Amino acid sequence: MLNEEAGASSQRKSLHGNWTSRLAFILAVTGSAVGLGNIWKFPYIAGQNGGGAFVIVYLFCVVLIGMPVMMSEILIGRRGRRNPIATMKLLGEEEGGSGHWQLVGGMGVLAGVLILSYYGVIAAWVVAYVQKSFSGVFAGASAGEVQAIFDSFTGDWIAVTGVFTLFMATTVWVVARGVERGLEAAVRFMVPALLLLLLALLGYSINSGSFGAGVAFMFTPDFSALTWNSILVAMGQAFFTLSIGMGAVMAYGAYLPQETSITSATSAVVVADTGIAILAGMVIFPLVFANGLDPASGPGLVFVTLPLAFGQMTGGVVFSSIFFVLLAFAAWTSAIALMEPAVAWVVEKFHESRARAAILVGGITWILGFGTVFSFNLLADVKFLSGTIFSNVDYITSNIMLPLGGLLITVFAGWVMCRNSTAEELGGAGASYRAWRLLARFIAPIAILFVFLSAIGVIDLTGK
Ligand code: PHE
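Residues numbered from 1 in each chain as written. Predicted model: local features only at pLDDT ≥ 70, side-chain atom pairs only at ≥ 80, totals over all residues. Heavy atoms only, no water.

**Topic: the overall build of the protein chain**
Scanning the protein chain from N- to C-terminus turns up 19 helices and zero strands. For the protein chain, whose C-alpha radius of gyration is 21 Å, the value lies close to the compact-globule estimate of 23 Å for 464 residues. The principal-axis extent of the C-alpha atoms belonging to the protein chain is close to 65 × 50 × 40 Å. Among the 464 residues that make up the protein chain, the fraction classed as buried is 60%. Within the protein chain, residue pairs in contact and separated by at least 24 positions form 83% of the contacts whose partners lie at least 6 positions apart. Only carbon and sulfur atoms are counted for the fraction: they give 69% of the accessible area of the protein chain, which is about 16500 Å². (Helix = DSSP H or I, 4+ residues; strand = E, 2+ residues; numbered from the N terminus. Rg over C-alpha atoms; globule rule 2.2 N^0.38 Å. Buried < 20%, exposed > 50% of the residue type's maximum accessible area, 1.4 Å probe, protein only. Contact = heavy atoms within 4.5 Å. Areas by Shrake-Rupley, 256 points an atom, 1.4 Å probe, with all protein chains shown as cover.)

Printed below as a string of structure tokens:
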């Protein structure tokens, strides 16, 4: 079925089917982008890195680096129409570069599996919180009580493993069902519904009495507090939250109909993703200050602030349950994207069925996931480099592998691919094409390199 002597990209076909419409693609990429990165990770790392200045750097990274990297990834994916490894090899050779570009795809496949190994565990916390919310344990609970519930659940590795296994199994199931039936169906209602609930929560946090303090924390930059490490973390977060630098968007681009505009699809996704992150921050930080909590408390931040807020609301039991259900869905659509490059690769390379490939990749990820499960209990005291096993996997993937992948992807699209190929994919040589090319050839790679080089040596692996 693979068209070995593929000619122009428009004649190539994806082995895995196509999105049924432009909207379906936007929803799928948005579904991959909007996830735990926006609602769980963004608030806690912004909190750990001092707030305002970090948020500004993050926003700059989204626009100047995130947009061009995402466009490059989609256009490469659509032109190659294969899994990220095969696409990079094929285009590398076709564009007069080298087949070794497949290593970029390989790093992406690996990064996806590594990220999913901890992402699935945090998603399991979310799923467990659906049940906890529903049971009413948060109703009227104090900050100390909510914290204790969080600590005792994450400390119980058997309970976490149970939910983690369930989450991975459902992810494998959707991925096995394939592009149209599995992925599309899951994202259609999730993003709008999540947005609505966040807006409702915003109403609550505005009335919390500390809205001003929370918003000031997020938007008043104190650049003296910024270290090169926190700039690297902000850049890593831009990559993580947009799902770029590891081939997920490239894999999704391979299923994109030829006539869809990559530029407008990218803009829609970036606006939705960034909007949701900022909204989450505006909900979380006022609650942190209203309850005398510490914004730098780490991965437990939203698992304490949100139940606390819900616990004090009328109808909180219902809202809280719905919120965590939606967040679980958001995590799920991201988990699917994290798996897709590896699964597409196994299917094409070893001629396996999607189902078997998904089970294999899911199984490997599940085993790796114990590193994170145990980071909050049995192995909580095992610390090296940036901290626990979990924080190391997170640090290395988000702050090193994704930006490095993004750097190589923009260099490939901007310098190795010929102008005609990229212009063809991006719909002609107009102003937006020229802006992309300037960003992809110069601004983004130089900015990434600069942050990398500045952070080397001054990298503070304590994770602060
Ligand atoms: N963007 C997702 C989130 O913010 C995580 C993700 C990263 C998904 C990379 C796919 C690829 O939760």
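Back to the text.
**Notes on the packing of aromatic side chains**
In this structure the tally under the stated criterion is 26 aromatic pairs. For the ring pair Trp 366 and Phe 370, a centre distance of 4.9 Å and an interplane angle of 90° mean the geometry is edge-to-face. Linking Trp 366 with Phe 370, this pair stays in helix α16 (residues 354-375), spanning four residues, or about one helical turn. The ring of Phe 240 has Lys 41 sitting right over it, with the charged end atom 3.9 Å from the ring centre. Above the face of the Trp 415 ring, Arg 441 is positioned so that its terminal group lies 3.8 Å from the ring centre. (Phe/Tyr/Trp six-rings, centres within 6.5 Å; stacked < 30°, edge-to-face > 60°. Lys NZ or Arg CZ within 6 Å of the ring centre and 35° of its normal.)

**Observations concerning the pattern of salt bridges**
Using the criterion set out here, one finds eight salt bridges in the structure. Between Glu 425 and Arg 79 there is a salt bridge, with the nearest N and O atoms lying 2.9 Å from each other. Of the two residues, Glu 425 is situated in helix α18 (residues 419-425) and Arg 79 in helix α3 (residues 52-80); the sequence distance between them amounts to 346 residues. Here the two residues Glu 425 and Arg 79 agree in accessibility, since each one is buried. Three or more residues joined by partner-sharing salt bridges are found here, namely Arg 78, Arg 79, Glu 424 and Glu 425. (Salt bridge = Lys/Arg side-chain N within 4 Å of Asp/Glu carboxyl O.)

**Some points on the site of the ligand**
Around the ligand, 13 residues are found, and the nearest of them are Ala 33, Gly 37, Tyr 119, Phe 240 and Ser 243. Take Gly 37: an N or O atom from its main chain is 2.8 Å from an oxygen atom of the ligand. Asn 38 places a polar side-chain atom, nitrogen or oxygen, 3.5 Å from an oxygen atom of the ligand. In isolation the ligand has 320 Å² of accessible area, and contact with the protein removes 100% of it. Residue assignment for the shell around the ligand shows that the elements contributing at least two residues are α1 (22-33), α2 (36-48), α11 (228-241) and α15 (316-350). In terms of residues, the shell around the ligand owes the most to one element, α2, which gives three residues. When grouped by side-chain class, the residues that make up the shell around the ligand number six nonpolar, seven polar and no charged. (Near = heavy atom within 4 Å. Polar contact = N/O pair within 3.5 Å; in protein donor to acceptor, adjacent residues only side chain to side chain. Nonpolar A, V, L, I, M, F, W, Y, C, P; charged D, E, K, R; others polar.)

**Observations regarding the nonpolar core**
If you look at the biggest cluster of nonpolar residues, it comprises 161 residues, and the most contacted ones within it are Ile 76, Leu 306 and Phe 323. Element by element, the count of residues in this core is highest for α15, at 18 residues. Those residues in contact with Leu 306 that lie beyond four places of it in its chain are Leu 201, Val 283, Ile 284, Leu 287, Phe 323 and Phe 324. (Core = buried A, V, L, I, M, F, W, Y, C linked by side-chain atoms within 4.5 Å.)

**Quick look at the side chain of Ser 391**
With respect to the helices, strands and loops of the structure, Ser 391 is situated in helix α17 (residues 389-416). Reaching out from Ser 391, the side chain makes a polar contact with the backbone nitrogen of Thr 388 at a distance of 2.9 Å.

**With respect to unusual backbone geometry**
You will see that His 351, though not glycine, has its phi angle at about 50°, which is positive. Looking at the element boundaries, His 351 is found in the loop between α15 and α16. Residues other than glycine seldom take positive phi values, yet Leu 385 does so here, at roughly 40°. On the secondary structure map, Leu 385 appears in the loop between α16 and α17.

**Here's the deal with the packing of α3 against α11**
Where α3 contacts α11, the two axes come as close as 8 Å, and the packing angle between them is 45°. Taken together, α3 and α11 sit at an angle that is classed as oblique. The chirality of how α3 crosses α11 is right-handed. Residues Phe 54, Val 57, Tyr 58, Cys 61, Val 62, Ile 65 and Val 69 of α3 form the contact with α11, whose own contacting residues are Ser 230, Ile 231, Val 233, Ala 234, Met 235, Gln 237, Ala 238, Phe 239 and Thr 241. Within the contact of α3 with α11, the residues separate by chemical class into 13 nonpolar, three polar and no charged. (Axes fitted to C-alpha atoms, helices over the stretch in contact; angles between N-to-C directions. Parallel < 35°, antiparallel > 145°, perpendicular 65-115°, else oblique. Left-handed = near helix turned anticlockwise from the far one by under 90°.)

**Observations regarding the packing of helix α10 (residues 211-219) against helix α13 (residues 262-290)**
Direction vectors running N to C along α10 and α13 enclose 125°, while the axes themselves pass 7 Å from each other. Taken as axis vectors, α10 and α13 run oblique relative to one another. The two elements α10 and α13 cross, and the hand of that crossing is right-handed. The residues of α13 that touch α10, namely those facing Phe 211, Ala 213, Gly 214, Val 215, Phe 217, Met 218 and Phe 219, are Ile 278, Gly 281, Met 282, Phe 285, Pro 286 and Phe 289. The residue inventory of the contact of α10 with α13, partitioned by class, reads eleven nonpolar, two polar and no charged.

**A look at the side chain of Thr 87**
Considering the arrangement of structural elements, one finds Thr 87 in helix α4 (residues 84-94). Ignoring sequence-local partners within four residues, the contact set of Thr 87 consists of Ile 76, Gly 77, Gly 80, Arg 81, Arg 82, Gly 92 and Met 250.

Nothing here speaks to function; it is geometry throughout.
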